[in-house]
Protein chains: 2
Amino acid sequence: MNYSRQREIIIDALSKNAVHPTAEKLYDIIKREHPESKIGIATVYRNLSKLADAGKIKRISALENSEHFDHNTFEHYHFMCEKCKQIFDIDANIAPDITKKIFEQTGFVVKDYDIVLKGVCKNCQHRNN
Amino acid sequence: MNYSRQREIIIDALSKNAVHPTAEKLYDIIKREHPESKIGIATVYRNLSKLADAGKIKRISALENSEHFDHNTFEHYHFMCEKCKQIFDIDANIAPDITKKIFEQTGFVVKDYDIVLKGVCKNCQHRNN
DNA sequence: ATGTAAAATGATAATAGGTATCACTTATTA
DNA sequence: TAATAAGTGATACCTATTATCATTTTACAT
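Since the model is a prediction, treat every value here as computed from it, not as a measurement. (Residues numbered from 1 in each chain as written. Chains lettered and ligands numbered in written order. Predicted model: local features only at pLDDT ≥ 70, side-chain atom pairs only at ≥ 80, totals over all residues. Heavy atoms only, no water.)

*Asks:* Can you break down the sheet that holds strand S5 (residues 109–120) of chain A residue by residue, with the values?
*Replies:* As summarised here, the arrangement of the six strands in space is S4(A)-S3(A)-S5(A)-S5(B)-S3(B)-S4(B), forming an open sheet in which the pairing is mixed. The two strands at the open ends of the sheet, each matched to only one other strand, are strand S4 (87–91) of chain A together with strand S4 (87–91) of chain B. The mean inter-strand angle of the sheet, taken between neighbouring strand axes irrespective of direction, is 30 degrees. When strand S3 (residues 76–81) of chain B meets S4(B), the two strands line up antiparallel, connected through five bridges. Its bridge partner being in S4(B), Met80(B) is matched across the sheet by Ile87(B). Along the sheet face, helix H4 (residues 98–106) of chain A touches strand S3 (76–81) and S5 of chain A together with S4 and strand S5 (109–120) of chain B and points at about 120 degrees away from the line of S5(A). On top of the sheet, helix H4 (residues 98–106) of chain B reaches S4 and S5 of chain A together with S3 and S5 of chain B; it is set at about 120 degrees to S5(B), its chief contact. (Pairing = 2+ DSSP bridges. Helix = DSSP H or I, 4+ residues; strand = E, 2+ residues; numbered from the N terminus. Axes fitted to C-alpha atoms, helices over the stretch in contact; angles between N-to-C directions. Contact = heavy atoms within 4.5 Å.)

*Asks:* Mind laying out the interface of chain A and chain B, listing which residues take part and the relevant values?
*Replies:* At the interface, 64 residues of chain A touch 63 residues of chain B. Summing both sides of the interface, chain A and chain B together bury roughly 6100 Å²; the carbon and sulfur share of this comes to 61%. Interface area lost by chain A to chain B is led by Lys58(A), Phe69(A) and Asp114(A), which between them contribute 14%. At the boundary of chain A with chain B, the tally comes to zero salt bridges. The interface formed by chain A and chain B includes 16 residue pairs in polar contact (both at pLDDT 80 or more). Considering every element that reaches the side of chain A that touches chain B, the biggest residue donor is S5(A), with twelve residues. Looking at the side of chain A that touches chain B, its residues break down into 31 nonpolar, 20 polar and 13 charged. (Buried area = accessible area lost by both parts, 1.4 Å probe. Salt bridge = Lys/Arg side-chain N within 4 Å of Asp/Glu carboxyl O. Polar contact = N/O pair within 3.5 Å; in protein donor to acceptor, adjacent residues only side chain to side chain. Nonpolar A, V, L, I, M, F, W, Y, C, P; charged D, E, K, R; others polar.)

*Asks:* With reference to specific residues and values, describe the side chain of Ser37(B).
*Replies:* Residues and elements named next belong to chain B. Within the element layout of this structure, Ser 37 appears in the loop between helix H2 (23–33) and helix H3 (41–53). When its relative accessible area of 18% is taken as the criterion, Ser 37 is described as buried. Dropping the residues within four chain positions of it, Ser 37 is found in contact with Ile 9 and Ile 30. (Buried < 20%, exposed > 50% of the residue type's maximum accessible area, 1.4 Å probe, protein only.)

*Asks:* Tell me what's going on with the relation of the copies chain A and chain B, and back it up with residues and numbers.
*Replies:* Here the second copy of the chain follows from the first by a rotation about an axis and a shift along it. The transformation that overlays chain A on chain B combines an axial shift of 0.0 Å with a rotation of 180 degrees, and the residual RMSD is 0.1 Å. One copy is carried onto the other by what is essentially a two-fold rotation axis. Distance from the rotation axis, computed per C-alpha, reaches its smallest value in chain A at Ile115(A): 2.2 Å. A share of 98% of interface residues in chain A that are also interface residues in chain B marks the association as one of identical surfaces. (Least-squares fit on C-alpha atoms with pLDDT ≥ 70 in both.)

Scope: geometric values only; no functional claims are made or implied.
Here it is, written out as structure tokens:
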């Protein structure tokens, strides 16, 4: 990855804005704070995506851009296999009392959650592609 | 909520397809299994949304349709306040060893996660609207 | 310093998931 | 069974994101 002034600005703006902004939000911030830069919105999207792929920043996106629905409303979490794209259920006792703990540590009342873990499922681990 | 044949088909299809389908996927399944129904895609979206609002099914969507980015790549989770829409960091020790536990219980290798908890932050609890 | 190839940019067209609109149909209930 | 509320299908629209492409920057060998 070569150096670019725009990328530097983007990384800098993201590190100074700990609000987990969207690409759009970050674009607004940059335009406001660097009116001379004339940065394009595509550059922001492009760089955020590239930086996330490179592991320099984290993309928070859960289920790759489309909503999924679950008939089971009983508390449980989800695991999405990167290879076969299937979503599996994970028993809630993996992280018991998470709601209670968060309230104790932060005072935040948890009403809902999307806990999506990603990786490779058992089946796909034994496959080549 | 009144009865409708389409809604019945949607609920039935969702309960029989534990793969956590998207609205689009469910629409395809329904067209295939009920070719007589002539259901429209908008009806599927509308009903899934309504059913999720009513708590009859669960919507898995994390961050309401746009990706967010985080400069901090060190393991931690997120809490989104429903009222002020801010995203806060939650320390990873809330659910320690989650990766290890999942591997032990399921054999799935976790490589990444989006753990997004939603509710009301401390500040907003003391506000009226 | 300078030429060249690879990488990056900005503007904008294109795409895709999801929602709004509206005329029409179906359920509910008095 | 008539009146009204709720639901439907078709499709236009919106919005987040990606692709395209001509132009500009960067890296780096000369």
